[in-house]
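Observations on chain architecture
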Amino acid sequence: MPIAKISPSLLSGDFGILAAECKRMVSHGADWLHMDVMDGHFVPNITIGAPVISCLTKHLDAFLDCHMMVSHPEKWVDDFAKAGASLYCFHIEATQNASALIDQIHAAGMKAGVAVKPKTPISTVMDLGDKMDMCLVMTVEPGFGGQRFMAECIPKVKELRAKFPNLDIEVDGGIAMENIDAAAEAGANVIVAGTSIFKADDITGTIETFRNKVNSEQALLAKK
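Residue positions within a chain follow its written sequence, with the count starting from 1. Reporting of local features is limited, given that this is a predicted model, to residues whose pLDDT is at least 70; pairs of side-chain atoms are given and counted only at 80 or more, and all residues count toward the totals for whole chains, interfaces and linings. Side-chain figures throughout are based on the complete set of non-hydrogen atoms in the structure, without hydrogens or water.

This is how the line gets drawn: UniProt positions are given in the numbering used here, feature names are shortened, and annotations may be inferred rather than shown by experiment.
Per an unreviewed UniProt entry, the protein is named Ribulose-phosphate 3-epimerase, and its organism is Entomortierella chlamydospora. Looking at the protein in UniProt, the text filed under Catalytic activity (unreviewed entry) is "D-ribulose 5-phosphate = D-xylulose 5-phosphate". Recorded under Sequence similarities (unreviewed entry), the UniProt text for the protein is reproduced unchanged: "Belongs to the ribulose-phosphate 3-epimerase family."

Below, the structure is given as structure tokens:
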């Protein structure tokens, strides 16, 4: 049974004190730290790169969940592996040979994730279920924080979970108290949340609530 992993999105943190923000999230109970990497081509924004990851890993002992919203993701695998990334999640839309890229990521010593945009059919990743370590179902269009949760993406999670009961399935985009139940019930166990965690009055309580809801639903799914 996949267990809950709560991965606060550092896109909602203060980039001026990024290492401190990472430590703060870990101190509140975060399991992973979600790093959004954008190159200005795949999405219309630019954020952190491998040098920043390298700096962070010198000060952190944490699982770095790197979401690569980049063109030609195969170009950056070795750089991010050397920088200390734990998981390298690329977009299915950005590569011509996802299976080979997964092999490349594994050979570099990282876990491999495959992400799908809201309008991309989940069928595009179904044949990778036994190779990838995680599938990320985007519940907003990638590129910007603070967007509205797209409930129409949740059936993808349910379809994935039905076929791959042990796979880590991540949801990212607009996740908050009002929709965590829908994500958890569908089978998501890796929860990315930015604003709803960073702006929470009780960050520890929010993370723990997300974790409990996910683990409860995973237990129910395991019994079916």
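From this point, the narrative continues.
1. Let's talk about the packing of aromatic side chains
Which entries qualify depends on this criterion: The pairing test for Phe, Tyr and Trp rings, Trp by its six-membered ring, is centres within 6.5 Å, and the orientation test on the planes gives stacked under 30 degrees, edge-to-face over 60, and tilted for anything in between. Strands are runs of DSSP state E lasting at least 2 residues, helices are runs of H or I lasting at least 4, and numbering of each runs from the N terminus. The buried label goes to any residue with under 20% of its type's maximum accessible area, the exposed label to any with over 50%, and the partly exposed label to all in between, with areas taken from a 1.4 Å probe on protein chains only.
Counting across every chain of the model gives two aromatic pairs. Summarising the aromatic geometry, the rings of Trp32 and Phe63 are spaced 4.2 Å apart at their centres and angled 20 degrees between planes, so their arrangement reads as stacked. In this pair, Trp32 is assigned in strand β2 (residues 32-38) and Phe63 in strand β3 (residues 63-69), connecting sequence segments 31 residues apart. This pair shows no difference in class: Trp32 is buried, exactly as Phe63 is. Considering the side-chain rings of Phe80 and Tyr88, the 6.0 Å spacing of their centres and the 75 degrees angle between planes classify their relative orientation as edge-to-face.

2. Regarding the side chain of Glu170
For clarity, the cut-off: Positive: Lys, Arg. Negative: Asp, Glu. His and the chain ends are not part of the count. The term salt bridge refers to a pairing of a side-chain nitrogen on Lys or Arg with a carboxyl oxygen on Asp or Glu at a separation within 4 Å.
Within the secondary structure, Glu170 sits in strand β7 (residues 168-172). Buried and without a salt bridge, Glu170 has Lys5 as its closest oppositely charged side chain, separated by 9.4 Å.

3. Describing the UniProt feature "active site" (unreviewed entry) in the protein
Short version of the rule: Residues count as neighbours in contact if any of their non-hydrogen atoms are within 4.5 Å of one another.
Residues annotated in UniProt with the feature "active site" (unreviewed entry) correspond here to Asp36 and Asp172. Separation in sequence by 137 residues is not matched in space for these annotated residues, since their most distant C-alpha atoms are only 10.6 Å apart. Examined against the element boundaries, Asp36 turns out to sit in strand β2. Those residues in contact with Asp36, other than ones at most four positions away along the chain, are Ser9, Leu11, Thr47, Ile48, His67, Met69 and Asp172. One can find Asp172 in strand β7. Among all residues touching Asp172, those that are not within four sequence positions of it are His34, Asp36, His67, Leu136, Val137, Met138, Thr139, Val140 and Val192.

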